[in-house]
Amino acid sequence: MKPPLLMRALLLVVAGEAEAECVAGDLEEEFGQSSRSRCWYISQVTRSLLPLLLLRVRSGELSRILLGAVLGAALPLLLLDRLWCLIYSQIPLKDGVDRAPGFLAVNILAVTVCACISGFERRSLRQGASSAMLAMAAVGVALWACNGSAPAPYAVLVLLFAPAGSLLGSALRRFT
Amino acid sequence: MLLTLRRDFLYYVETVAKGEFLGEFEHIVLLAVWRLSDTAYGMSVRREIADRTGRDVSIGAVYATLERLAAKGLVTSALSDPTPERGGRAKRSFRVTGAGVDAVNRTRQGLANMLEGLEFPAAGASR
């Protein structure tokens, strides 16, 4: 019987790479040798999340990833939105003026590139995955904070492309 | 007053900040690592604590404490080769350092000093 995949993924995302490696290995060994139940595994992981997260915060790793997510995804998005608002405010007849698709495409591209650069700073794919999740959260907050009403397809694309960019960046670092 | 504050601050910097005092759980984890000697790693420490104290602690809490002890220089760690039963992951073994032994001795001495002269009622008599 294999340990629950979701719990393993959660552990990898929350704990730092080095810790997750050891903790997951210990849990898997105990799970396999002592025929522990899935409930035991789930309980161990859920109870371990907070101490491991605090450990990661203390080591400064989480703050670096958070900073990367904000600088790589949320800040560019907010700045581009401000720019669009400025351009929009200069147009005398605003009626019927919608956000140009070209501008939105450039916006998405810029956020993806920034997220990719931010993801490139991560040392491994696991850190890249954590960064991607935080990038998505940061973009969500940024979209919520944007004054202009973002079209739904644009919001969905940005929410997808920011973490994808972050993951791509960390993958590029690994394979280059 | 200022002199006392300064003395307290220096005391803090020289002792507490260097991690010479152990918290309760740190003490227990350090003793478990010491007892297990060469076979001390996260899960064995967790098992040892459960067997001897009856506390069912999480593996995350054990690792977080071991990390803290390592940062204080009270334990050292080494990674072994990955094994198939661990899903191809390496095992991290821990060992108590000389500073760790000193810290346990100090804590034990402090506890013994505090307990000295106290009379304990028989189990259940305090209810």
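What you see is a predicted model, and the numbers here were worked out from it, not measured in a lab. (Residues numbered from 1 in each chain as written. Chains lettered and ligands numbered in written order. Predicted model: local features only at pLDDT ≥ 70, side-chain atom pairs only at ≥ 80, totals over all residues.)

A word on the overall build of chain A
So the rule is basically this: Note on conventions: DSSP H or I runs of at least 4 residues are helices, E runs of at least 2 residues are strands, and numbering of each starts at the N terminus. Counting other C-beta atoms within 10 Å of a residue's C-beta gives its exposure: the residue is buried at 20 or more, exposed at 12 or fewer, and partly exposed in between, where C-beta atoms are placed from the backbone. Note that contacts rest on C-beta atoms placed from the backbone: two residues are in contact if these are within 7 Å.
Broken down by element type, chain A carries seven helices and zero strands. Tracing chain A from N to C terminus, the helices and strands come up as α-α-α-α-α-α-α. Burial statistics for chain A: of 176 residues in total, 39% are counted as buried. For chain A, the share of sequence-separated contacts (at least 6 apart) that also reach a separation of at least 24 residues comes to 81%.

Some words on the overall build of chain B
For chain B, the helix and strand inventory stands at five helices and two strands. In sequence order, the secondary structure elements of chain B are arranged as α-α-α-α-β-β-α. When the 127 residues of chain B are sorted by exposure, 31% land in the buried category.

Description of the interface of chain A and chain B
Interface extent is often summarised as the accessible area lost during association of the parts. Counting from both sides, the interface comprises 21 residues of chain A and, opposite them, 17 residues of chain B. For the side of chain A that touches chain B, the elements supplying multiple residues, two or more each, are α2 (17-33) and α3 (38-59) of chain A.

As for the pairing of strand β2 (residues 92-96) of chain B
All names here are of chain B. Test applied: Here the rule is simple: two strands pair whenever DSSP picks up at least two bridges between them.
With four of five residues buried, β2 is to be regarded as a mostly interior element. The pairing of strand β1 (residues 75-79) with β2 spans five bridges and is antiparallel. Looking at the pairing, S77 lines up with F94 of β2.

Side note on the packing of helix α2 (residues 24-36) of chain B against helix α5 (residues 98-115) of chain B
Residue and element names in this part refer to chain B. Under the convention used in this document: Here the axes come from fitting lines to C-alpha atoms, over the contacting stretch only for helices, and the angles between their N-to-C directions go from 0 to 180 degrees. Throughout this description, any angle smaller than 35 degrees is read as roughly parallel, any larger than 145 degrees as roughly antiparallel, any in the 65 to 115 degree range as roughly perpendicular, and the remainder as oblique. Two helices crossing with the near one rotated counterclockwise from the far one by less than a right angle form a left-handed crossing, whereas a clockwise rotation gives a right-handed crossing. Classification convention: Asp, Glu, Lys, Arg as charged; Ala, Val, Leu, Ile, Met, Phe, Trp, Tyr, Cys, Pro as nonpolar; all other residues, Gly among them, as polar.
Packing of α2 against α5 leaves a shortest axis separation of 11 Å and a crossing angle of 125°. Here α2 lies oblique to α5, going by the angle between them. For α2 against α5, the interelement crossing comes out left-handed. Of α5, the residues touching α2 (which contributes H27, L30, L31 and W34) are G100, A103, V104 and T107. Of the residues in the contact of α2 with α5, the class split is five nonpolar, three polar and no charged.

What to know about the confidence of the model for chain B
What counts, and what does not: Confidence scores labelled pLDDT are given residue by residue by the predictor and lie between 0 and 100.
Overall, the prediction assigns chain B a mean pLDDT of 83, with 82% of residues at 70 or greater. Prediction confidence for the complex, expressed as pTM and ipTM, is 0.62 and 0.72 respectively.

Thoughts on the environment of A40 of chain B
Residue and element names in this part refer to chain B. Relative to the elements of secondary structure, A40 occurs in the loop between α2 and α3 (42-53). Between the C-alpha atom of A40 and that of V96, which follows or precedes it by 56 residues, the distance is 9.6 Å. Setting aside chain neighbours within four positions, we find A40 in contact with V33, V45, S93, F94 and R95.

Structural notes on unusual backbone geometry
Residues and elements named next belong to chain B. You will see that S37, though not glycine, has its phi angle at about 40°, which is positive. Positionally, S37 belongs in the loop between α2 and α3. By C-beta crowding, S37 is classed as exposed, having 11 other C-beta atoms within 10 Å.

A closer look at the packing of α3 of chain A against helix α4 (residues 59-71) of chain B
For the pair α3 of chain A and α4 of chain B, interaxial distance at closest approach is 6 Å and the crossing angle is 25°. For the element pair α3 of chain A / α4 of chain B, the angle class is roughly parallel. For the pair α3 of chain A and α4 of chain B, contact is made by Q44, R47, S48, L49, P51, L52, L54 and L55 of chain A and by I59, G60, A61, Y63, A64 and E67 of chain B, respectively. Residue classes in the contact of α3 of chain A with α4 of chain B are distributed as nine nonpolar, three polar and two charged.

Thoughts on the environment of S93 of chain B
Along the chain, S93 of chain B falls in strand β2. Judged by the 20 C-beta atoms lying within 10 Å of it, S93 of chain B falls in the buried class.

Overview of the nonpolar core
Short version of the rule: Note on terminology: a nonpolar core is any set of buried Ala, Val, Leu, Ile, Met, Phe, Trp, Tyr and Cys residues joined through C-beta atoms within 7 Å.
Ranked by internal contacts, the top residues of the largest apolar core, which has 40 residues, are L11 and V23 of chain A together with V29, L30 and V33 of chain B. Per-element accounting of this core gives the leading share, seven residues, to α4 of chain B. Among all residues touching L11 of chain A, those that are not within four sequence positions of it are A20, V23, A24 and V45 of chain A. A73, A74, L80 and M136 of chain A belong to the second largest nonpolar core, which has 23 residues in total.

Comments concerning α4 of chain B
An α-helical turn contains 3.6 residues, so a residue and the one three or four places further along point in the same direction. As a reminder, the rule being used: By definition here, a helix of n residues has an expected span of 1.5 Å times n minus one.
Its 13 residues give α4 of chain B an end-to-end C-alpha distance of 18 Å, which sits within 8% of 18 Å, the value for a rise of 1.5 Å per residue. The buried fraction of α4 of chain B is high, at ten of 13 residues. Those residues of α4 of chain B that sit buried are I59, G60, A61, V62, Y63, A64, T65, L66, E67 and L69 of chain B. Where α4 of chain B is buried, its residues touch α2 and α3 of chain A together with α2, α3, β1 and β2 of chain B. One or two residues past the end of α4 of chain B sits G73 of chain B, with phi positive at roughly 80°.

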